[in-house]
Amino acid sequence: MRIYADNAATTKMAKPVIDVMTEYMEKVYGNPSSLHSTGQQAAEALAQARECVARVLGAEPKEITFTSGGSEADNQAIRSAALWGKRKGKTHLISTAFEHHAVLHTLKKLESEGFSVTLLPVYGDGFVRAEDVKAALREDTALVSVMFANNEIGTLQPVKEVGAICREAGVIFHTDAVQAAGHVKIDVEEMNIDMLSLSAHKFYGPKGVGALYVRKGIPLFSLIEGGAQERSRRAGTENIPGIAGMAKAILLAAERLEENGVYERKLRDALIEGLSKIPHAALNGDPEKRLPGNVNFCFEGIEGESLLLLLDAKGIEASSGSACTSGSLDPSHVLLAIGRPHEVAHGSLRLTLSPENTMEEVEYMIREIAGVVEYLRGMSPMWEDLEKGVRKHVI
Ligand SMILES: *Cc1c(COP(=O)(O)O)cnc(C)c1O
């Protein structure tokens, strides 16, 4: 049995998405900037895809810019808002301690370029507080960036409230919605969002394509210089098959949002219930207000990497956190941000489900994970110390 439970890292493309992309690669190969019919056919495909992505978000087509993915959209949103702020003498940026590195590293770079950055705390339940955003606002604040759903622990942030606070203060509000788009309902109007990043490969679309929503009236500066594509907001010949694939994927996701959400929550809750029975295990993040397919646990006395390798041998494909931090020995900045001690943060396991997973798989995972955790603890000197009382249990 092979169980793919790492859908927050990336998803398997949906068959109708592959079909659309194949068709575009075979038939709609023109350059949308060309004036001949083949080119114009591609331009038409581009316009249709833009319309489709806009509609799903409650936006207008001209508010959508296509990018190479979530990282580029995050970089561009933040750099652009920072530049716009700087022109008006505003050089303060607010974000949170548990953002994706595409946001955190961009902010770090901007800090070295003279901007000041406030990173708000995340509480033990996995949420940022809207009041904290309000308290952190300054006269010179140019941007607030708070993610929609965290990529490790799946908690859904108070986006609408934060957006309302920013709107009132006249500050641009960006949200990294890469984990949320296609999984939970998003409406940029209702949620007071000014800028939003998304990425197709997180909702059963292709890798290497994403979008940035920017509310009309807010300028968007280009990261890449060149031709006048994307109304001069992003140079480079458009990735038509990718963009058409993303449009198909977001449409499918929107159509099945309710149904998939109900199904995934059922699997998620069963998995949480089963894994909670393992001694000295703790769920990370609120049990309810999280992405429908996200489960994230810490197991005391366990080293995450060993757990992943043994689970892979049992056919379970999971993650210890984000793909970007695996391979490094640092514990997850997200788990540290919610207050997990270093040694506990090292023993984390993220299982992220899709509608292709089944209840049988969930039952198998609960059984096997319990077994592997017990096995690893049996070999761990740290666990021996905990059992003997030399060290105190923290969870
Ligand atoms: C995956 C992810 C990104 C990066 O998106 P790419 O398309 O892989 O560049 C950014 N933010 C979050 C929250 C993500 O989960």
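Residues numbered from 1 in each chain as written. Predicted model: local features only at pLDDT ≥ 70, side-chain atom pairs only at ≥ 80, totals over all residues. Heavy atoms only, no water.

### Concerning the pattern of salt bridges
Here is the rule: Basic side-chain nitrogens of Lys or Arg form a salt bridge, by our definition, when they fall within 4 Å of a carboxyl oxygen of Asp or Glu. Categorising residues by exposure relies on relative accessible area from a 1.4 Å probe, with only protein chains included: less than 20% of the type maximum marks a residue as buried, more than 50% marks it as exposed, and the intermediate range marks it as partly exposed.
Counting across every chain of the model gives 22 salt bridges. The shortest N-O distance in the salt bridge between Lys62 and Glu60 comes to 3.9 Å. When its relative accessible area of 46% is taken as the criterion, Lys62 is described as partly exposed. The exposure class assigned to Glu60 is partly exposed, which follows from its relative accessible area of 31%. A salt bridge links Asp125 to Arg129, with the nearest nitrogen and oxygen atoms 3.2 Å apart. The partly exposed category is assigned to Asp125, whose relative accessible area is 28%. The exposure class assigned to Arg129 is partly exposed, which follows from its relative accessible area of 25%.

### Section: the domain arrangement of the protein chain
Worth spelling out the cut-off: An automatic or database domain assignment provides the domain bounds reported here. The contact definition used throughout considers only heavy atoms, calling two residues in contact when any of these lie within 4.5 Å. Summed over both partners, buried area is the accessible surface (1.4 Å probe) that two parts give up on being assembled. Polar contact is the term for a pair of N or O atoms within 3.5 Å; when the atoms are in protein, one must be able to donate a hydrogen and the other to accept it, and sequence-neighboring residues count only if both atoms are side-chain atoms. Secondary structure elements follow DSSP: runs of H or I of four or more residues count as helices, runs of E of two or more count as strands, with numbering from the N terminus.
When cut into domains, the protein chain gives domain 1 (15-255) and domain 2 (257-388). Taking the mean C-alpha position of each, domain 1 and domain 2 sit 29 Å from one another. Listed as interface residues are 30 residues of domain 1 and, on the opposing side, 25 residues of domain 2. Summing both partners gives a buried area of about 2,100 Å² for domain 1 against domain 2, and 59% of it is carried by carbon and sulfur. Among the residues domain 1 hides against domain 2, the three largest losses belong to His101, Glu152 and Ile153. Together they make up 32% of the total. Joining domain 1 to domain 2, the criterion identifies zero salt bridges. Counting across the interface, domain 1 meets domain 2 through 11 residue pairs in polar contact (both at pLDDT 80 or more). Listing elements by their share of the side of domain 1 that touches domain 2, those giving two or more residues are helix H4 (101-112) and helix H8 (240-255). Per-element accounting of the side of domain 1 that touches domain 2 gives the leading share, three residues, to H8.

### Describing helix H1 (residues 15-27)
The α-helix advances 3.6 residues per turn, and as a result positions three or four apart in sequence lie on the same side. Note the following rule: Between the first and last residue of a helix there are one fewer steps than residues, each counted as 1.5 Å, and that sum is the expected span. This arc corresponds to the set of directions leading from the helix axis out to the C-beta atoms.
Over its 13 residues, H1 runs 18 Å from end to end, which matches the ideal 18 Å to within 8%, given 1.5 Å per residue. When we look at burial in H1, the residues that qualify are Val17, Val20, Met21 and Tyr24. End-on view of H1: buried residues confined to an arc of 95°, all on one side of the axis. Every exposed residue of H1 that faces more than 90 degrees away from the buried side is listed here: Lys15 and Glu26.

### Details of the site of the ligand
Condition: Here a residue is considered near a molecule or strand provided that any single heavy atom belonging to it is located within 4 Å of it. Throughout, the Shrake-Rupley method with a 1.4 Å probe supplies accessible areas, and for residues the shown protein chains are the sole cover considered.
Close to the ligand lie 13 residues, the nearest being Ser71, Asp176, Gln179, Ser199 and Lys202. The contact in question runs from an oxygen atom of the ligand to an N or O atom on the side chain of Ser199, over 2.6 Å. Take Lys202: an N or O atom from its side chain is 2.7 Å from an oxygen atom of the ligand. A total of 380 Å² of accessible area belongs to the ligand in isolation, and the protein chains cover 86% of it. Considering each element in turn, the shell around the ligand owes the most residues, three residues, to helix H3 (residues 70-87).

### So, the side chain of Glu238
Inclusion rule: The charge count includes Lys and Arg as positive and Asp and Glu as negative, but it does not include His or the ends of the chains.
Tracing the sequence through the fold places Glu238 in the loop between helix H7 (229-232) and H8. Of the side chains with opposite charge, Arg50 comes closest to the buried, unpaired Glu238, at an N-O distance of 5.8 Å. With residues near it in sequence (within four places) discarded, Glu238 still touches Asn31, Pro32, Leu46, Gln229, Glu230 and Ile243.

### Some points on the packing of H3 against H4
Heads up, the rule is: Only the stretch in contact is used when fitting a helix axis, every axis being a line fitted to C-alpha atoms; angles between N-to-C directions are given from 0 to 180 degrees. Left-handed describes a crossing in which the near helix is turned anticlockwise from the far one by less than a right angle; the clockwise case is right-handed. Note on residue categories: nonpolar means Ala, Val, Leu, Ile, Met, Phe, Trp, Tyr, Cys or Pro, charged means Asp, Glu, Lys or Arg, and polar means any other residue, Gly included.
Closest axis-to-axis distance for the H3/H4 pair is 9 Å, and the angle between their directions is 35°. Judged by the sense of rotation from one axis to the other, the crossing of H3 with H4 is right-handed. Contact residues: H3 offers Ser71, Asp74, Asn75, Ile78, Arg79 and Ala82, while H4 offers Ala102, Val103, Thr106, Leu107, Lys109 and Leu110. Its residues assigned to classes, the contact of H3 with H4 comprises six nonpolar, three polar and three charged.

### What to know about the pairing of strand S8 (residues 210-214)
Counted only if it meets this: Two strands pair if DSSP finds at least two bridges between them.
In terms of burial, S8 is a largely internal element, five of the five residues being buried. Residues of S8 alternate between two faces, with Gly210, Leu212 and Val214 on one and Ala211 and Tyr213 on the opposite face, all of them buried. Bridging between strand S2 (residues 64-67) and S8 involves four bridges; their strand directions are antiparallel. Considered in S8, the bridge of Thr67 is made with Gly210. As judged from the five bridges shared by strand S7 (residues 195-199) and S8, these two strands associate in the antiparallel manner. Its bridge partner lying in S8, Met195 is registered against Val214.

### What to know about the packing of H1 against H8
The criterion, for reference: To sort the angles, those under 35 degrees are grouped as roughly parallel, those over 145 as roughly antiparallel, those from 65 to 115 as roughly perpendicular, and the leftovers as oblique.
One way to put it is that H1 packs onto H8 with a least axis distance of 8 Å and a crossing angle of 155°. Between H1 and H8, the crossing angle belongs to the class labelled roughly antiparallel. For the pair H1 and H8, the sense of crossing is right-handed. For the pair H1 and H8, contact is made by Pro16, Val17, Val20, Met21, Tyr24 and Met25 and by Ile240, Pro241, Gly242, Ala244, Gly245, Lys248, Ala249 and Leu252, respectively. In the contact of H1 with H8, the residues fall into 11 nonpolar, two polar and one charged.

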